[in-house]
Amino acid sequence: MRPPSTTESGRRPGRLGSLRLAAAAAACASCLAAAGCGGLTAATLRPFPQSTVDPLARLPAGKVVTEAVADAEAAPSLTMSGTVTDAGTSIGITLGFKRGRGCVGSVSYPNKGTVKLIVVGKAVYLKPDAKFWTTNAGAKAPLIMSLLNGRYLEASASDKTMADLASVCSLSTILNSGSATGTYAKEAVTTLDGIRVLPIKLSDGSTEYVTDTPAPEFVKAIAPTGSKVGAGDVSVSVDAPVTLTAPPASQVLNEDQLGLTPTPASTGPVTTARTRAG
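Parameters at a glance
Residues numbered from 1 in each chain as written. Predicted model: local features only at pLDDT ≥ 70, side-chain atom pairs only at ≥ 80, totals over all residues. Heavy atoms only, no water. Buried < 20%, exposed > 50% of the residue type's maximum accessible area, 1.4 Å probe, protein only. Helix = DSSP H or I, 4+ residues; strand = E, 2+ residues; numbered from the N terminus. Arc of directions from axis to C-beta. pLDDT = per-residue confidence, 0-100. Contact = heavy atoms within 4.5 Å. Salt bridge = Lys/Arg side-chain N within 4 Å of Asp/Glu carboxyl O.

**Section: helix α4 (residues 141-148)**
Within the span of α4, buried status applies to A141, I144, L147 and L148. Projected onto a plane normal to the axis of α4, the buried residues spread over an arc of 135° and lie on a single side. Away from its buried face by more than 90 degrees, α4 exposes P142 and S146. The first or second residue beyond α4 is N149, which carries a positive phi of 50°.

Below, the structure is given as structure tokens:
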């Protein structure tokens, strides 16, 4: 058995993947059309008394992350919320996962609107708000909003243009994304919002916080501005309740009915091939 150590190098067993979440969030704009880390302050993080027994003291940092990843992947449900950064833009995310079924939530773009997202099995349902359509569809925004009339836009997750977007609901993809190599270092046990946590510093500049318990669970991931993975601040709640249901048929319009053709560029306009509601 390897002797205990606080630093490991080699293949990364996984991380919360803030950069992966940013890429998947940005795919919403591509398919249809945290810059700073202020979440932790001296008031919310404080050293834990050294006299307290640390149940993770004998585990190497990499092993702690591996166990936290396995715990998250096995959980029946899980939520993530916070901010990630893509191309210098801070994007807000709120996602709830149901293992083996899909996810539900929203992605918010500063000054560009919000997209509600539901993925159930291989079906993807999107509901961008008026600001999103106005920003991305230009002159065609009123027509698109009129045709949708508050309904969800449905597309198949097997559609190549939706593949990246649907993958945001794959916990395995998110938790195991990132560089293939890296180093991990344990930091001093502390408390975060009243929870006793063990911070683990990664060589890419990010820090992951897991519960300092015999079965560690992810609590938060933070990457400062200038880190290799991009700035982000994502909170995690393992086993948090999540309600996931597909919208009723009366509240759904598919791409063929709408006649909407997504452009390949994330900043490109949305075009419509037809003008019927189907």
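**Observations concerning the confidence of the model for the protein**
Scored by pLDDT, the protein has a mean of 74; 67% of the residues are at 70 or more. Scored below 50 in pLDDT, residues 1-46 makes 159 contacts in the model with residues more than four places away or belonging to other chains. Low pLDDT (under 50) marks residues 261-278, which in the prediction has 52 contacts with non-local residues, meaning those over four places away or in another chain.

**Brief notes about the side chain of T207**
As for its position among the elements, T207 is in strand β12 (residues 207-211). Relative accessible area serves as the criterion here: at 8%, T207 is assigned to the buried category. Apart from residues lying up to four places away in sequence, T207 is in contact with P199, I200, K201, K220, A221 and I222.

**Digging into the pattern of salt bridges**
Per the stated rule, a full pass over the model turns up two salt bridges. A salt bridge links D212 to R196, with the nearest nitrogen and oxygen atoms 2.6 Å apart. Here D212, found in the loop between β12 and β13 (218-223), pairs with R196, found in strand β11 (residues 195-202); they are 16 residues apart in sequence, far enough to count as distant. An identical accessibility class is assigned to D212 and R196; each is buried.

**Looking at the environment of S81**
Tracing the sequence through the fold places S81 in strand β3 (residues 77-86). With a relative accessible area of 32%, S81 lands in the partly exposed category. C-alpha separation for the pair S81 and S237, spaced 156 residues apart in sequence, amounts to 9.0 Å. With near-sequence residues (within four places) excluded, S81 lies in contact with I93, T94, D233, V234 and S235.

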